[in-house]
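Each chain, letter by letter, is given below.
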Amino acid sequence: MSVVIVGGNECMIREYIELCKSYDCKARVYPKMCRGLQNIGNPDLMVLFTNTISHKMVRCAIDGIKNLNIPVERSHNSSKAALKNILEKYS
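Residues numbered from 1 in each chain as written. Predicted model: local features only at pLDDT ≥ 70, side-chain atom pairs only at ≥ 80, totals over all residues. Heavy atoms only, no water.

1. Concerning the environment of Val-3
And then number 1: Positionally, Val-3 belongs in strand 1 (residues 2–7).
And then number 2: Here the alpha-carbon distance between Val-3 and Ser-79, two residues 76 residues apart in the chain, equals 16 Å.
And then number 3: Once you skip the residues sitting within four places of it in the chain, Val-3 turns out to touch Cys-25, Lys-26, Ala-27, Arg-28, Leu-45, Val-47 and Leu-87. (Helix = DSSP H or I, 4+ residues; strand = E, 2+ residues; numbered from the N terminus. Contact = heavy atoms within 4.5 Å.)

See below:
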């Protein structure tokens, strides 16, 4: 399963990726907006940490996958525990 994480803390990128690996998921993390969200591809799940990103970045992420029928999980909290709960729900 592939997961795209939009938002979150930059210092937590490595921990997000390691947690996803423990659930047999490949993760790609975009903690901030740089040149839009390029190379999203076709993930199985998109996680939006809404507390740490702008409304513009949320709209950009949603518009990028609008026609791909990808589930989007939004979380106000960008902690490791929040990501763990989301991955348990979808694994």
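2. Topic: unusual backbone geometry
And then number 1: In this structure, Asp-24 takes a positive phi of about 55° despite not being glycine.
And then number 2: The phi angle at Asn-69 is positive, at roughly 60°, despite the residue not being glycine.

3. Structural notes on the nonpolar core
And then number 1: Residues Val-3, Ile-5, Tyr-16, Val-47, Leu-83 and Leu-87 are the most contacted members of the largest nonpolar core, which totals 14 residues.
And then number 2: Counting residues per element, the ones that place at least two in this core are strand 1, helix 1 (13–22), strand 3 (45–49) and helix 3 (80–90).
And then number 3: Contact partners of Leu-83, with chain neighbours within four places excluded, come to Ile-5, Tyr-16, Leu-19, Cys-20, Val-47 and Phe-49.
And then number 4: Judged by nonpolar contacts, the second largest core, of twelve residues, contains Val-4, Ile-40, Leu-48 and Ala-61. (Core = buried A, V, L, I, M, F, W, Y, C linked by side-chain atoms within 4.5 Å. Buried < 20%, exposed > 50% of the residue type's maximum accessible area, 1.4 Å probe, protein only.)

4. Notes on helix 1
And then number 1: Every buried residue of helix 1 is listed here: Tyr-16, Leu-19 and Cys-20. End-on view of helix 1: buried residues confined to an arc of 100°, all on one side of the axis. Along helix 1, the residues that are exposed and aim more than 90 degrees away from the buried face are Arg-14, Lys-21 and Ser-22.
And then number 2: For helix 1, the elements touching its buried residues are strand 1, strand 2 (26–30), strand 3 and helix 3.
And then number 3: Directly beyond the C-terminal end of helix 1, a positive phi value near 55° is found at Asp-24. (Arc of directions from axis to C-beta.)

5. Considerations on the pairing of strand 1
And then number 1: Burial of strand 1 is extensive: five of the six residues sit out of reach of the surface.
And then number 2: Relative to strand 2, strand 1 runs parallel, the two being bridged by five bridges. When the sheet's bridge partners are listed, Ser-2 is paired in strand 2 with Lys-26.
And then number 3: Crossover handedness for the path strand 1 to helix 1 to strand 2: right-handed.
And then number 4: Across five bridges, strand 1 lies against strand 3 in parallel orientation. Note on strand 3: the bridge partner recorded for Ile-5 is Val-47. (Pairing = 2+ DSSP bridges. Right-handed = clockwise from strand over helix to strand, strands pointing away.)

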